[in-house]
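Remarks on the overall topology
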Amino acid sequence: MPRRSRSRSGAARSRLAGGALGLLGLLPGLLCCAPEPLPPPTPLPGFETPFYFGGFTVPADNPLTVEGVALGRMLFYEERLSADDTISCATCHQPARAFTDGRTLARGIHGARTPRNTMSLANLLWGPQRFFWDGRAVDLEQQAGQPIVNPDEMGSTWDEVIAKLERAPAYPASFEAAFGTREITPERVTKALASFERTMVSTGSRYDRYLRGELRLDPREQRGRELFMTHPDAKAGIRGANCIDCHSQFLTSGFAPEFDGFQNNGLDDDDQLEAGLMAVTGRSRDRGRFKAPTLRNIELTAPYMHDGRFATLEEVIDHYSDHVVSSSTLDPLIREAANTPGAPLGVTLTHDEKAALLAFLRTLTDHEFVHDPSLSDPGA
Amino acid sequence: MNSSTTPRSPTRARSRALARWALLLASCGGPAPAEPAEPSGTLTLHLHGRVGGEALRMDGTRYPNPGGAGSFELYDARVHLSHLVLSGPAGEVVEPDSVHLVRFSASGQPFALSLEHVPPGRYDRIAVAIGVDAVANARIDHVGDLDPNGQMAWNWKTGYKFFVLEGEVHPEEGESVPLVHHVGFSESYRPLTCAVPGGVEVPRGGGAEVDLEVDLGQALREPHLIDLVGLPSVKLDPADAALIADNYADMISVRGSAGEGGSRCTVVAATSPP
């Protein structure tokens, strides 16, 4: 079925035909009305993505370039972005854990406990283009800047960050390579970080190889895949685990349009329901809706949910099977989904079905991705 | 596919970037060169959602349960339209790769669907299908409005949803229940033909418009009167899907222009996808 697949070499992983698009987008500015000098025209080479991920868009004002991505990679692992030089993006987004931290709730500067579980990072070019669990950032650039100045995360200020980076030997030249001058600005920092994050493309899982026709899933994995992809219909005698109503079939992310990728997945009753998306939209019907994360590498990203309440994937599956909690904004497709007519909320999976679903979820693990040298700490 | 909501494929994005570049270059160095004469025009179809005699609202507005007591409200309404063909004295225009995901807005704004590069002249008939044909329904290597990572995809086996109504059914007594009507399967494909009252003239290099009404209430009304309390969910059961598909085949009509009455689209062939 696949028409093409990406090379997994380190060089080829640092990708992108889209860089050429960005270059074209920049040329007009270069020729007539550029507000500032432009990055050198070095589009990332060899970027190919599987057709089953669909199209993607790179912001016209932040093209993917070799130099921009390299700078973003340096900054991602840069502890000087925090007030006391102890925390980098990678402190919470650790490659070996699929860019999560293993904690229930992320810890910030001086051990501050944030209210959220660290989201994994993969395939950020697709799925909802709103970021954070509550969708408050409208693009990756905006997302990348917020933890730096959040008092409970990296606790810094832009003045401090820029002053420290200006004093660091490597950075002025790297900013010049990426953006044309040695000037360091918040916008350039976040653009570079976003560029690096866009190169985090996971396509080496068993599921990907299955989709490319390179292997067969074993019977249990295949059964799990069918359950994942099926909204149950007891009347038609079709059983399903109902995952696909929130997690798209190939990306396994939330859906892209507007707020379609945000759901109330039945964790709490009305008394306990957090604001979630309502904090962004102000709409009461969005209370308790959180971003459906990608399930790529989900085996590596425990604990789970926006508040890290589930320690294992087994607990997650048990939740959707047997412990969905009713509330006024519970997603209608979760509320309606039932394998057994008249059963309480939840899809009431059998022991074997749970095991099959778990087996399928484990096919989403991409060991090449989490050990990809091009995504690792450049200073290590 | 030809849609304003189509995500960029690399190839399409590249051509757009080139076009943008060319446009901006032209705007930088003084007077822009004269544009070549545009031989074709644009026809925009405005699809107005309705429920019976009322404009569609998805803001908590409740509508009577067509086949029983109680009421219902809608949160989301989507339909796949495909195989658009214009015909009339000006000739026949077949839209290439024609698939559009029509999603009705909560505010009641009509969904605009533009057909580009239409040869100028008069057209008096629009052919359109509800659903996607069997070939497209069996493939997953689509982009745009058939993005397999979109919500209209069921799975590899069952293809795409053609018609989606989601909301809440409020019985006269007892708790409300989710309204989930997801209709797919190639058997639910319905090709329609629509007369355009008075015809529409597409000007050379300009645009013309046609207003269509999509009565979502009709999908629950005729010939099969649906009691939503008894049938709040329609998904994979073929008999249930056929009820709704038979009904939605009559849900689209073309508004008349000044002095002309409207015209309901009619089924060309009930269940014979190409």
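Residues numbered from 1 in each chain as written. Chains lettered and ligands numbered in written order. Predicted model: local features only at pLDDT ≥ 70, side-chain atom pairs only at ≥ 80, totals over all residues. Heavy atoms only, no water.

Moving on, we come to the overall build of chain A. The helix and strand inventory of chain A stands at 15 helices and two strands. The buried share of chain A, reckoned over its 380 residues, is 57%. For chain A, the share of sequence-separated contacts (at least 6 apart) that also reach a separation of at least 24 residues comes to 67%. Per element, the accessible surface of chain A, about 14,700 Å² overall, is 53% carbon and sulfur. (Helix = DSSP H or I, 4+ residues; strand = E, 2+ residues; numbered from the N terminus. Buried < 20%, exposed > 50% of the residue type's maximum accessible area, 1.4 Å probe, protein only. Contact = heavy atoms within 4.5 Å. Areas by Shrake-Rupley, 256 points an atom, 1.4 Å probe, with all protein chains shown as cover.)

Attention now goes to the packing of helix α5 (residues 140–149) of chain A against helix α8 (residues 186–198) of chain A. Residues and elements named next belong to chain A. Where α5 contacts α8, the axes come no closer than 8 Å and their chain directions differ by 115°. α8 is crossed by α5, and the crossing has right-handed handedness. Counting all contacts with α5, which are made through L140, E141, Q143, A144, G145 and I148, the residues of α8 involved are V189, T190, K191, L193, A194, E197 and R198. Residues that form the contact of α5 with α8 fall into these classes: six nonpolar, three polar and four charged. (Axes fitted to C-alpha atoms, helices over the stretch in contact; angles between N-to-C directions. Left-handed = near helix turned anticlockwise from the far one by under 90°. Nonpolar A, V, L, I, M, F, W, Y, C, P; charged D, E, K, R; others polar.)

Using the criterion set out here, one finds one disulfide over all chains in the structure. A sulfur-sulfur distance of 2.1 Å marks the disulfide that ties C194 of chain B to C265 of chain B. Linking C194 of chain B and C265 of chain B, the disulfide has an S-S dihedral of approximately 110° and is accordingly described as right-handed. Highlighted residues: C194 of chain B in strand β12 (residues 190–202) and C265 of chain B in the loop between β16 (263–264) and β17 (266–267), separated in sequence by 71 residues. Here the two residues C194 of chain B and C265 of chain B agree in accessibility, since each one is buried. C92 of chain A supplies the cysteine sulfur nearest to C89 of chain A, a cysteine that is in no disulfide, at a spacing of 8.9 Å. The buried category is assigned to C89 of chain A, whose relative accessible area is 14%. Not part of a disulfide, C243 of chain A finds its nearest cysteine sulfur in C246 of chain A, a span of 8.8 Å. (Disulfide = S-S within 2.5 Å.)

All names here are of chain A. The peptide bond linking A302 to P303 adopts the cis configuration, its omega dihedral lying at -5°. Among the structural elements, P303 can be located in the loop between β2 (290–291) and α12 (313–322). In this model, T348 sits at a positive phi of 40°, which is unusual for a non-glycine residue. Secondary-structure assignment places T348 in the loop between α13 (332–336) and α14 (351–362).

Quick look at the nonpolar core now. In a soluble, globular protein the nonpolar side chains are often hidden away together inside. L75, F76, L81, L165, F175 and L193 of chain A are the most contacted members of the largest nonpolar core, which has 83 residues in total. Of the residues that make up this core, three or more belong to each of domain 1 (63–201) and domain 2 (206–368) of chain A. Contacts of L193 of chain A, omitting those with residues within four sequence positions, involve G72, L75, F76, L81, C89, A144 and I148 of chain A. Core analysis: the next-biggest nonpolar cluster, separate from the first, contains 67 residues, L192, A208, M251 and V254 of chain B among them. (Core = buried A, V, L, I, M, F, W, Y, C linked by side-chain atoms within 4.5 Å. Domains from an automatic or database assignment.)

Moving on: the domain arrangement of chain A. Residues and elements named next belong to chain A. Split into domains, chain A comes out as domain 1 (63–201) and domain 2 (206–368). Listed as interface residues are 25 residues of domain 1 and, on the opposing side, 26 residues of domain 2. Summed over both partners, the interface of domain 1 with domain 2 comes to about 2,100 Å²; 61% of that surface belongs to carbon and sulfur atoms. Summed over the three residues of domain 1 that lose the most area to domain 2, namely P128, R130 and W133, the buried surface amounts to 29% of that side. The interface formed by domain 1 and domain 2 includes one salt bridge. Note that R116 and E274 form a salt bridge whose closest N and O atoms lie 2.9 Å from each other. Seen at the junction of domain 1 and domain 2, the total is five residue pairs in polar contact (both at pLDDT 80 or more). For the side of domain 1 that touches domain 2, the residue count by class is 11 nonpolar, eight polar and six charged. (Buried area = accessible area lost by both parts, 1.4 Å probe. Salt bridge = Lys/Arg side-chain N within 4 Å of Asp/Glu carboxyl O. Polar contact = N/O pair within 3.5 Å; in protein donor to acceptor, adjacent residues only side chain to side chain.)

A few words on the packing of α12 of chain A against α14 of chain A. Residue and element names in this part refer to chain A. Where α12 meets α14, the axes come as close as 10 Å, and the angle between the chain directions of the two elements is 130°. Relative to α14, the element α12 lies oblique. Seen from above, α12 lies across α14 with right-handed handedness. Judged by residue contacts, L313, E314, I317, D318, S321 and D322 of α12 engage K354, L357, L358, L361 and R362 from α14. (Parallel < 35°, antiparallel > 145°, perpendicular 65-115°, else oblique.)

Here we take up the pattern of salt bridges. Note that side chains of opposite charge can pair when their charged atoms are close. By the definition in use, this model includes 35 salt bridges over all chains. Between D286 of chain A and R283 of chain A there is a salt bridge, with the nearest N and O atoms lying 2.6 Å from each other. Judged by its relative accessible area of 0%, D286 of chain A is buried. In this structure, D76 of chain B and R103 of chain B form a salt bridge, with 3.0 Å as the shortest nitrogen-oxygen distance. Of this pair, D76 of chain B sits in strand β4 (residues 71–88) while R103 of chain B sits in strand β6 (residues 99–103), and the two are 27 residues apart along the sequence.

What follows concerns the pairing of strand β13 (residues 207–215) of chain B. Residues and elements named next belong to chain B. Bridge count for strand β1 (residues 41–51) against β13 is nine bridges, and the pairing is parallel. Pairing of H46 across the sheet is with D211, part of β13. The sheet contact formed by β13 and strand β15 (residues 252–254) spans three bridges and is antiparallel. Counterpart to E213 in the pairing with β15 is S253. (Pairing = 2+ DSSP bridges.)

Time to look at the packing of aromatic side chains. Residues and elements named next belong to chain A. Enumeration according to the criterion identifies 17 aromatic pairs over all chains in this entry. Between the aromatic rings of F51 and Y52, the centroid separation amounts to 5.7 Å while the plane-to-plane angle is 80°, which identifies the pairing as edge-to-face. Overall, the relative accessible area of 7% leaves F51 in the buried class. Among the aromatic residues, those joined into a cluster by ring pairs are F51, Y52, F53, F56, W126 and F250. Looking at R136, its charged tip hangs above the ring of F132, at a distance of 3.7 Å from the centre. (Phe/Tyr/Trp six-rings, centres within 6.5 Å; stacked < 30°, edge-to-face > 60°. Lys NZ or Arg CZ within 6 Å of the ring centre and 35° of its normal.)

Let's shift gears to the side chain of D215 of chain B. Residues and elements named next belong to chain B. One can find D215 in strand β13. What makes D215 buried here is its relative accessible area of 12%. From its side chain, D215 meets the backbone nitrogen of G52 in a polar contact 2.7 Å long. Excluding anything up to four places from it in sequence, D215 contacts R50, V51, G52, R221 and M251.

With that settled, consider α5 of chain A. Residue and element names in this part refer to chain A. Buried residues dominate α5, accounting for seven of its 10 residues. For α5, the full list of buried residues reads L140, E141, Q143, A144, G145, P147 and I148. At the N-terminal end of α5, a side-chain oxygen is found 3.3 Å from the backbone nitrogen of E141, two or three residues along, and the residue is D139.

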